[in-house]
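Chain residues, written in single-letter form:
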Amino acid sequence: MTDIRDLLHTKYPIIQGGMANIADHRLCAAVSNVGGFGLIGSGAWDKDRVKEEIRKTKKLTNKLFGVNIMLMSPHAKAISDLVIEEQIPVVTTGAGNPGIYLQKWQDAGIKVFPVVPSVAFAKRLEKKGVDAVIVEGTEAGGHIGELTTFTLVPQVVDAVSIPVIAAGGIADYRGLDAAFSLGAKGIQIGTVLLTATECPIHDNYKESVVKARDTSTVVTGRNTKAPVRVIKNKMARDYLTLLKKENVSLEELEKLTLGSLKRAVFDGDVETGSIMAGQSAGLVKQIEPVQVILDNMYQNSYVSKGVFQ
Ligand code: TUI
C-alpha cells in the first residue's frame, strides 16, 4: 500500500473534511471531480436532506464520494442506514464513537474512516476493523480534540497498522509533505476549501477566512464537552467574556451559540455567527477553484515526486 489513493482510487491522497452545513453536493462533487475525495457533511441534517444531497451529487459527478456522519446528531442512526441504502463506498465519522454501526457498514462493504482524537481510540477502532483513521489535531476548525497534529499523527502511526490520514492545520503543499513525513498516508483538508469558488457559503464567511491571521481563531465551548474552533468575532468574544463570570449558566452560553453556524454560513452574519475555521486560516489568501487549490497543493509537494513511497 502506498497511500489512500489505493483505497479510494483518486488522483490525489486528499479527502475533504465533512464540514456541517457547508459540505453539500456542490463542494463534494467539485472535490471528487478534480481528483480528491469529496464528502457530504451531513451535520445535523435529517435523512431526507442527506438523501437529496446524495442524489444531487450523483448528478454532478461520476466519481466516487462519501458521507461524513456527525455522531452527536439526532439523525446519525437514520443516516447510518441511508449510506447502506445509497451504496456509499466510504463513511467518515466525527464527534463520537461509531462502534455500534461498524458491523452493518462492514457487512455492506462500506469503508469506514473515523476521526480519532487520541492513540487509545485509534487502537480500539483498529481492533474493530476500521479501514483507516483520520487523526485530527486541535489546529482544525469546528469541534476539536486537545492534541496537535504534529504530535498525535506520529504516535498513532506507531500504534496502528492501518493507514493514518492527517487532519488539522494542513492548507498547502508544505502541510501535505509534513503529514507524510510524520507517517500519514493521506490528508484531510477543510479550512482551505472554505474559500473555494465552489464552496457554497456566504461571501462574508469567505472574506473572514481570507482576512484571518495566525492569531485569529479561538476556542469556544471548552467548558462543555464540545470545544469548537472559530474565527474571533463578537460572538466568540462575548462567549469568552461570559465564561469568565462566576456562576454563568450553560443556557446563557448556549444562547450565543444556538444556530450560530447557520447564521454565518447562510446569512453572512460574521458578527453573531460561528465562523468555524482552523488555525490554517492564516495561510488562506484567496478565493480560487477547487481544481487550483488541489493542483497547487499536490504538484508542489514532494509527495507528487514519489518521495514517500
Ligand atoms: O466533528 C468534527 N468537527 C465538527 S462537528 C461540527 S458540528 C458541531 N457544532 C457544534 C458543536 C459540536 C459539533 C463542527 N465541527 N471533527 C471530528 C472530530 N471528532 N473532532 C473531535 C472528534 C472526536 C472527539 C471525541 C471524536 C471522538 C471522540 O471521542 C469518542 C469517544 O467516545 O471517546
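Structure: see above.
Residues numbered from 1 in each chain as written. Predicted model: local features only at pLDDT ≥ 70, side-chain atom pairs only at ≥ 80, totals over all residues. Heavy atoms only, no water.

Caption draft 1: Up close: the overall build of the chain. Across its full length, the chain carries 14 helices and 11 strands. Taken over the C-alpha trace, the chain has a radius of gyration of 18 Å; the compact-globule value for 309 residues is 19 Å, and the two agree within 12%. The principal-axis extent of the C-alpha atoms belonging to the chain is close to 55 × 40 × 40 Å. Counting every position in the chain, which comprises 309 residues, the buried fraction comes to 54%. Sequence separation of at least 24 residues holds for 60% of the intrachain contacts in the chain that already meet a minimum separation of 6. Surface accessibility of the chain: about 13,600 Å² in total, with carbon and sulfur atoms responsible for 52%. The positive charge centre, built from 36 side chains, and the negative charge centre, built from 33, are 1 Å apart in the chain. (Helix = DSSP H or I, 4+ residues; strand = E, 2+ residues; numbered from the N terminus. Rg over C-alpha atoms; globule rule 2.2 N^0.38 Å. Buried < 20%, exposed > 50% of the residue type's maximum accessible area, 1.4 Å probe, protein only. Contact = heavy atoms within 4.5 Å. Areas by Shrake-Rupley, 256 points an atom, 1.4 Å probe, with all protein chains shown as cover. Lys, Arg positive; Asp, Glu negative; His and termini not counted. Charge placed at Lys NZ, Arg CZ, Asp CG, Glu CD.)

Caption draft 2: The sheet that holds strand β10 (residues 217–220), seen in detail. Strand order across the open sheet formed by three strands is β7-β11-β10, with antiparallel pairing between neighbours. Every interior strand has two partners, whereas the edge strands, β7 (142–143) and β10, have only one. Where β7 lies against strand β11 (residues 228–231), two bridges are found, and the strand directions are antiparallel. Within β11, the residue paired with H143 across the bridge is V228. Across the face of the sheet, helix α11 (residues 234–244) comes into contact with β10 and β11 while running at roughly 50° to β10. (Pairing = 2+ DSSP bridges. Axes fitted to C-alpha atoms, helices over the stretch in contact; angles between N-to-C directions.)

Caption draft 3: Expanded view of the packing of helix α6 (residues 119–127) against helix α7 (residues 149–159). Running from N to C, α6 and α7 cross one another at 35°; their axes reach a closest spacing of 9 Å. Pair α6 / α7 crosses with right-handed handedness. Mapping the contact onto sequence places V119, A122, K123 and E126 in α6 and L152, Q155, V156 and A159 in α7. Residue classes in the contact of α6 with α7 are distributed as five nonpolar, one polar and two charged. (Left-handed = near helix turned anticlockwise from the far one by under 90°. Nonpolar A, V, L, I, M, F, W, Y, C, P; charged D, E, K, R; others polar.)

Caption draft 4: Focus on the pairing of β10. Of the two faces of β10, the one carrying T217 and V219 and the one carrying V218 and T220 are both buried. In the sheet, β10 pairs with β11 via four bridges, with the strands oriented antiparallel. Counted as the bridge partner of T217 is I231 from β11.

Caption draft 5: Quick peek at the packing of aromatic side chains. Going through the model one piece at a time under the given rule, you end up with three aromatic pairs. Centre to centre, the rings of Y12 and Y298 are 4.9 Å apart; their planes meet at 50°, and the pair counts as tilted. Placement of the pair is Y12 in the loop between α1 (4–8) and β1 (14–16) and Y298 in helix α14 (residues 290–299), with a sequence separation of 286 residues. Exposure remark for Y12: the relative accessible area of 0% places this residue in the buried category. In this structure Y298 comes out as buried when scored by relative accessible area, which is 9%. Here R49 stacks its cationic end above the ring of W45, 4.1 Å away from the centre of that ring. One Lys or Arg, R174, reaches over the ring of Y173 and ends 5.9 Å from the middle of that ring. (Phe/Tyr/Trp six-rings, centres within 6.5 Å; stacked < 30°, edge-to-face > 60°. Lys NZ or Arg CZ within 6 Å of the ring centre and 35° of its normal.)

Caption draft 6: Summary view of the site of the ligand. The local shell around the ligand holds 14 residues, among which M72, A95, V115, E136 and H143 are the closest. In the environment of the ligand, a nitrogen atom lies 2.9 Å from a nitrogen or oxygen atom belonging to the backbone of A95. At a separation of 2.9 Å, a nitrogen atom of the ligand approaches a polar backbone atom of H143. Burial of the ligand by the surrounding chains reaches 71%, relative to a free accessible area of 720 Å². (Near = heavy atom within 4 Å. Polar contact = N/O pair within 3.5 Å; in protein donor to acceptor, adjacent residues only side chain to side chain.)

Caption draft 7: Geometry of the packing of helix α2 (residues 25–33) against helix α3 (residues 47–60). Two elements in contact, α2 and α3, have axes separated by 9 Å at closest approach and are oriented at 35°. When you trace α2 past α3, the crossing you get is right-handed. Seen from α2, the contacting residues are H25, R26, C28, A29 and N33; seen from α3, they are E53, K56, T57 and L60. Counted by class, the contact of α2 with α3 contains three nonpolar, three polar and three charged residues.

Caption draft 8: Spatial organisation of the sheet that holds β1. Overall, parallel pairing links the eight strands, which are arranged β1-β9-β8-β6-β5-β4-β3-β2 in an open sheet. In this open sheet, the two edge strands, each paired with only one partner strand, are β1 and β2 (39–41). On average, each strand axis in the sheet is inclined to that of its neighbour by 25°, with strand direction left out of account. Sitting on the sheet, α7 is in contact with β5 (111–116), β6 (133–136) and β8 (164–167), with an inclination near 175° to β8.

Caption draft 9: Just the environment of P74, in detail. By secondary structure assignment, the location of P74 is in the loop between β3 (66–70) and α4 (76–85). On the basis of relative accessible area, P74 is assigned to the exposed category, the value being 73%.

Caption draft 10: Inspection of the environment of I4 at higher detail. Considering the arrangement of structural elements, one finds I4 in helix α1. The buried category is assigned to I4, whose relative accessible area is 0%. As for I4 and I162, which are separated by 158 residues in sequence, their C-alpha atoms are 10 Å apart. With residues near it in sequence (within four places) discarded, I4 still touches P13, I14, I15, P163, I165, K185 and G186.

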